[in-house]
Structures are given as structure tokens and as C-alpha cells.
Amino acid sequence: MISKVKKIGVLTSGGDSPGMNAAIRSVVRACAYYKIECVGVYRGYEGMIEGDFKELNARSVNNIINKGGTILKAARSEEFRTKRGRQEAYENLKNKGIDAFVVIGGDGSFTGAEIFNKEFDFPVIGIPGTIDNDIFGTNFTLGYDTALNTAVEAIDKIRDTASSHNRLFFVEVMGRDVGHIALNVGVGAGAEEILIPEENLGLDRLLESLKKSRKSGKTSSIVVVAEGDKTGDNVFELAKYIEENMPKYEVRVSVLGHMQRGGAPSCFDRVLASRMGVKAVEALLDRKSNFMVGIHDNKITLTSLDLAIKGKSKINAELIKVSDIMTT
Ligand code: ATP
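Residues numbered from 1 in each chain as written. Predicted model: local features only at pLDDT ≥ 70, side-chain atom pairs only at ≥ 80, totals over all residues. Heavy atoms only, no water.

## A closer look at the domain arrangement of the chain
The parts lose accessible area when they come together, and the size of an interface is often stated as this lost area. By domain assignment, the chain separates into domain 1 (7–143 + 265–310) and domain 2 (144–261). Distance from the C-alpha centre of domain 1 to the C-alpha centre of domain 2: 35 Å. Contacts between the two partners involve 17 residues from domain 1 and, on the opposite side, twelve residues from domain 2. Carbon and sulfur atoms make up 54% of the surface buried where domain 1 meets domain 2, a total of about 1,100 Å² over both sides. A per-residue breakdown of the area domain 1 buries against domain 2 is headed by I131, D132 and N133, which together make up 44% of the total. Between the two partners, domain 1 and domain 2, sit zero salt bridges. Applying the counting rule to domain 1 against domain 2 returns eight residue pairs in polar contact (both at pLDDT 80 or more). (Domains from an automatic or database assignment. Contact = heavy atoms within 4.5 Å. Buried area = accessible area lost by both parts, 1.4 Å probe. Salt bridge = Lys/Arg side-chain N within 4 Å of Asp/Glu carboxyl O. Polar contact = N/O pair within 3.5 Å; in protein donor to acceptor, adjacent residues only side chain to side chain.)

Okay, structure coming up:
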């Protein structure tokens with residue numbers, strides 16, 4: 001049983017994602033609502049080790065709900081992987097009177113939090129902040145919806161030039177291990193083919209499919225490729241292969257890259273962040289620890305950090321079928 005929490009630290013860790021600011025705001029405002037103190041920890045675990053803290057009140061988070069990135073900065077910390085680093089972090093938290101923390105980040109950040117919790121019996125709650133939606137225990141991670149919208153908007157623009165010049169575009173989107181972004185963006189942008197890490201289409205089948213669509217009268221095409229796709233070594237190699245085998249097609253590559261991480265969060269991400277932040281604070285006040293806040297069927301839930309880290313988020317098989325039907 002943990003004692004009553006009086007001062008909560010909040011940090012953003014790992015890569016940034018849209019909606020992190022909205023989640024910070026929510027944690028800070030929920031602390032103010034429940035009359036407990038809140039301290040911002042800058043630069044993730046790195047700032048925890050260096051004691052880079054700042055008291056936050058309800059007014060400190062004015063006008064950030066609509067901002068991308070994170071006002072607390074996000075960082076990766078090699079030192080936090082060591083016992084000595086974590087010991088220093090613990091001393092700093094104790095000296096500052098912080099008796100629990102909320103970490104907004106991905107599974108690496110949760111792993112750090114879980115280890116810290118075990119070592120020092122320190123209450124922690126995680127909020128999933130990553131655009132990849134690759135965390136078990138939640139239907140949506142913070143930033144995913146915004147990233148989808150950013151990528152679809154970019155592909156709509158690429159489509160204009162593709163159709164004006166009868167070109168075939170390979171568009172690479174983020175997703176090293178999972179194809180959630182590619183699959184949803186591909187369906188949403190009306191892509192000809194969608195290549196995801198979960199399935200290896202094979203170069204021959206890709207070629208065959210593109211030839212078939214050419215024969216059916218299509219003069220331009222968009223192929224959405226997840227970063228981690230295994231059909232080719234990378235998106236440039238795929239493009240080269242198709243260009244060599246379909247010499248009449250003008251092939252181009254566009255790598256959307258970090259633009260997918262930036263920008264103002266969508267309304268969905270802002271609302272999700274607000275709900276998750278409140279739940280994180282309420283969980284700590286209920287003396288719960290070592291959980292990740294998630295959303296299932298539009299209900300805010302708690303999943304053990306252990307499960308969130310070890311579980312695998314699955315690709316939506318129904319959506320794969322839909323994408324196949326749409327490219328008929
Ligand atoms: P993203 O999804 O953007 O990659 P992430 O939270 O998974 O976010 P990581 O770089 O994997 O990003 O982890 C963030 C930080 O969490 C690391 O820099 C490190 O400080 C801490 N961390 C990760 N794994 C461990 C571990 N095994 N032990 C202690 N700390 C860890």
C-alpha cells in the first residue's frame with residue numbers, strides 16, 4: 001500500500017508526439033483540482049538525474065493544449081539505464097518532496113519507470129505518448145491520430161502531382177515495427193498498395209499488382225510503405241526495382257519523416273490527453289502504481305506496466321481486408 005501522494009512529478013520521455021503538451025496540462029490541472037502539488041521534470045529521465053525541476057500550477061500550462069512538441073522537452077537518458085543514475089534520480093525526487101511521477105512516453109520509458117518503481121517502491125503511472133500506436137493495452141496512443149491526419153494530408157498533395165504527371169509515388173511513413181500508420185493512412189489516402197512490417201508482400205507480387213492496376217486503366221498510383229516494411233531493403237530499393245521492371249512508369253519516392261511527429265494535435269488527441277492525464281492523477285490518489293492509462297471502447301482503463309511493455313499490439317486484420325477490396 002502506498003502512502004497518500006502529495007506532490008507529483010510529470011515528465012515526457014523518449015520521442016515527442018503531438019498531444020504531450022495537452023497531457024502535461026491535464027496532469028497539472030488535475031493536481032490543482034485535487035489540491036496537490038505538481039512539478040515538471042525537464043528532459044525526461046535526464047532531467048530527473050540532474051534535478052532539472054520546476055513547480056507547475058494551473059496557470060503554468062495556459063495556451064499549450066494546441067501546441068505540438070512538449071514544453072518539458074523530451075530526451076533519452078543512457079544514465080537512467082544504470083543503477084547509479086536511477087539512485088541519483090531518486091535522491092533528487094526525494095529532496096524535492098516529489099512522492100510519485102507520471103511519465104508520458106513509449107515502452108522504453110515505461111520499462112525505466114517499472115524498474116525504478118521496483119527498486120525504490122516509488123509510485124509511477126504511464127501515459128502512452130507515441131505516434132506509432134504500438135503499445136499494448138490501449139486502442140490509441142497520444143499523437144497517433146494527429147500523425148495519421150498529417151500523413152494523409154501530405155499524401156493528398158502528392159496525389160495531385162502524381163496524377164498530373166502519370167507518376168507512381170512510393171511514400172514512406174513512420175512505423176519501424178508496426179504498420180498501424182501505414183495501413184490507416186493507406187486506406188485513408190486511397191493508396192494502391194500498402195506495405196507493412198507484419199506482411200512481406202514480395203517484390204514479384206508488388207510488381208504484378210502494379211502492372212494489373214496499370215492495365216485496368218490507372219495512370220498514377222500511390223504506394224504507402226511503412227519504414228519497417230520487409231518487401232525491399234528500403235523504399236528507394238523498391239522504387240528502383242519497379243522502375244527497372246516498368247520502364248514506362250515514372251517512379252518517385254517521398255519520405256515523410258519527422259513532419260509526422262510535429263504540428264498541432266488533433267481534437268481527438270487533445271481530448272484523449274485530457275482524459276488520460278486526469279486518470280493518471282486519480283490513479284495515484286487511489287494509491288495505485290505501476291499502471292499505464294489506456295483507452296478501450298472509449299473507456300479510460302488501467303493496464304499493468306508489465307503487460308503494456310510485454311504485450312504486442314496487433315494489426316487490424318479487418319482493415320487489411322478492406323484495403324485489399326479498395327484496390328480492386
Ligand atoms: P519512443 O516510442 O519514442 O521510442 P520510448 O519511451 O520507447 O519512446 P526509449 O528511448 O526506448 O523511448 O526510452 C526512453 C528512455 O527510457 C531511455 O532513454 C531510458 O532513459 C529509459 N529506459 C528505456 N529502457 C530502460 C531500461 N531497460 N532501464 C532503465 N531505463 C530505461
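## Notes on the nonpolar core
Membership of the largest hydrophobic core comes to 33 residues, with the highest contact counts inside it found for I8, V10, V27, V102, I104, I127 and L142. Among the secondary structure elements, those contributing two or more residues to this core are strand 1 (7–12), helix 1 (20–33), strand 4 (100–105), strand 5 (124–128), helix 9 (267–285) and strand 10 (291–296). The dominant element in this core, judged by the number of residues it contributes, is helix 1, at eight residues. Among all residues touching I8, those that are not within four sequence positions of it are C31, I36, E37, C38, V39, I98, A100, F101, V102, V281 and L284. (Core = buried A, V, L, I, M, F, W, Y, C linked by side-chain atoms within 4.5 Å. Buried < 20%, exposed > 50% of the residue type's maximum accessible area, 1.4 Å probe, protein only. Helix = DSSP H or I, 4+ residues; strand = E, 2+ residues; numbered from the N terminus.)

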